[in-house]
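Each chain is listed here by its residues.
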Amino acid sequence: MSFAPDIIERLARARADLRMGVPIVLTGSGKAALVFSAETLNVDRLADIQSLDGKPVLTITARRAETLKARAYDGDVSRVVLPADVSLAWIQGIADPADDLKSPMKGPLLSERDGTADLHRAAIKIAKSAQLLPAAIVAPLEDAAQFSLDNGLTVIPVDLASPHLAATSPLNSVVHARLPMSLAEAGRLHIFRPEDGGEEHYAIEVGRPPRDKPVLARLHSACFTGDVLGSLKCDCGPQLHGALAQMGSEGAGILLYLNQEGRGIGLANKMRAYSLQDQGFDTVEANHRLGFEDDERDFRIGSNILKEMGFSAVRLLTNNPRKIAMMESTGIDVAERVPLKVGENAHNAAYLATKANKSGHLL
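Parameters at a glance
Residues numbered from 1 in each chain as written. Predicted model: local features only at pLDDT ≥ 70, side-chain atom pairs only at ≥ 80, totals over all residues. Heavy atoms only, no water. UniProt positions renumbered as here; feature names shortened; annotations may be inferred. Helix = DSSP H or I, 4+ residues; strand = E, 2+ residues; numbered from the N terminus. Contact = heavy atoms within 4.5 Å. Buried < 20%, exposed > 50% of the residue type's maximum accessible area, 1.4 Å probe, protein only. Pairing = 2+ DSSP bridges. Axes fitted to C-alpha atoms, helices over the stretch in contact; angles between N-to-C directions. Parallel < 35°, antiparallel > 145°, perpendicular 65-115°, else oblique. Left-handed = near helix turned anticlockwise from the far one by under 90°. Nonpolar A, V, L, I, M, F, W, Y, C, P; charged D, E, K, R; others polar. Phe/Tyr/Trp six-rings, centres within 6.5 Å; stacked < 30°, edge-to-face > 60°. Lys NZ or Arg CZ within 6 Å of the ring centre and 35° of its normal.

Side note on the UniProt feature "binding site: GTP" (unreviewed entry) in the protein chain
- Here the UniProt-annotated "binding site: GTP" (unreviewed entry) positions come out as Arg218, Leu219, His220, Ser221, Ala222, Gln239, Glu261, Gly262, Arg263, Thr283, Thr318 and Lys323. Spanning 106 residues, the named residues are also spread out in space, since their farthest C-alpha pair is 22.6 Å apart.
- With respect to the helices and strands, Arg218 occurs in strand β10 (residues 215-221).
- Leaving out residues up to four positions away in the same chain, Arg218 has contacts with Gln239, Ala243, Met247, Ile254, Leu255, Leu256, Leu317, Thr318, Lys323 and Leu340.
- On the accessibility criterion, Thr318 (1% relative accessible area) is buried.

Written out as structure tokens, the structure is:
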């Protein structure tokens, strides 16, 4: 009998630790490293890092490295050597593009090219999954087991963690109840909870759609600014209400409300992207400068919920071909794409144009 946490539970701990500024330990391929989030690092812990043996590096994504003109010898990540007189401000200036225009000359930056970057890639993946900036201090350790024991740190074996970092967490149905809405009175809200401790996702069922026919469906990613505050910078709020209105009019449908704010980067990083847009960058350029891809969402979550609810085919309310491809690749037949062109205004016209020109949206 053991009450010790399994690897999924340890990953949940690791995310929480990094968000609080507590380091974690990654092990794999006979090596080990102490990992800190660059975003939550403080002066005291930086001083502790500098007292360690070995050569710590600041790991960033290739997207961020491209902005900084740093070499990404490992392809998807760059291991930037810390200067001897490194400061917290220097680390945060590399990790966060907020002052890139004010201080464009960050380098020259020296990148490591020897050895493997497996632990560094894992550090970035865990930071992203914690919705932190994708930048991490990675410091090699000699005796990881004793170091972790002495400091009470969460240890993550990369070979055990990698499949879970790449997969979508299984979802469990928690509860559902009737929910009359102004746009669709015959509503029912279903709550699904992932096993990895992540945010819950919701399915709004309108009417009693038959399971043996394509259901009118919408994959809607959470947008606090658009859905709740009525932001004019995007078209999310109008799309949410337009989809529910159409389902209410037809008398049946499924709206999947997925907690993947900011195309999967989280609300804080989304606000960072908005700030960069105020500096003149478009939505894709802003994500890249932050170190993210155009879109970090995982639409397999929506597919899994549909299957759990007994649906195998949809009439998908979307302008995004990627959603169609993801549904079909995961076994959900898209019988029809139903356009959803609403919400354009003077504030979001350029944003919508970028989605069409760079992300392939059918607008």
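Some points on the sheet that holds strand β3 (residues 57-61)
- Here we have six strands laid out as an open sheet, ordered β4-β3-β5-β2-β1-β6, and mixed in their pairing. This sheet does not close on itself; its edge strands, each paired only once, are β4 (77-81) and β6 (155-157). Going from strand to strand, the sheet's axes swing by 30° on average, the running direction of each strand aside.
- Sheet strands touched by helix α5 (residues 118-129): β1 (24-28), β2 (31-37), β3, β4 and β5 (135-140). Its angle to β1, the strand with the most contacts, is close to 140°.

With respect to the packing of helix α11 (residues 267-278) against helix α12 (residues 283-290)
- Where α11 meets α12, the closest approach of the two axes is 9 Å, and the angle between their N-to-C directions is 120°. Relative to α12, the element α11 lies oblique. Relative to α12, the crossing made by α11 is right-handed. For the pair formed by α11 and α12, the contact residues are Asn269, Arg272, Ala273, Leu276 and Gln277 on the first element and Thr283, Ala286, Asn287, Arg289 and Leu290 on the second.
- Residue classes in the contact of α11 with α12 are distributed as four nonpolar, four polar and two charged.

Brief notes about the packing of aromatic side chains
- Tallied over the entire structure, the rule returns one aromatic pair.
- Ring centres 6.2 Å apart and planes at 15° place the aromatic pair Tyr202 and Tyr257 in the stacked group. Of this pair, Tyr202 sits in strand β9 (residues 201-206) while Tyr257 sits in strand β11 (residues 253-258), and the two are 55 residues apart along the sequence.
- Owing to a relative accessible area of 26%, Tyr202 belongs among the partly exposed residues under this scheme.
- Residue Tyr257 is classed as buried on the basis of its relative accessible area, which comes to 15%.
- Here Arg113 stacks its cationic end above the ring of Tyr73, 4.2 Å away from the centre of that ring.

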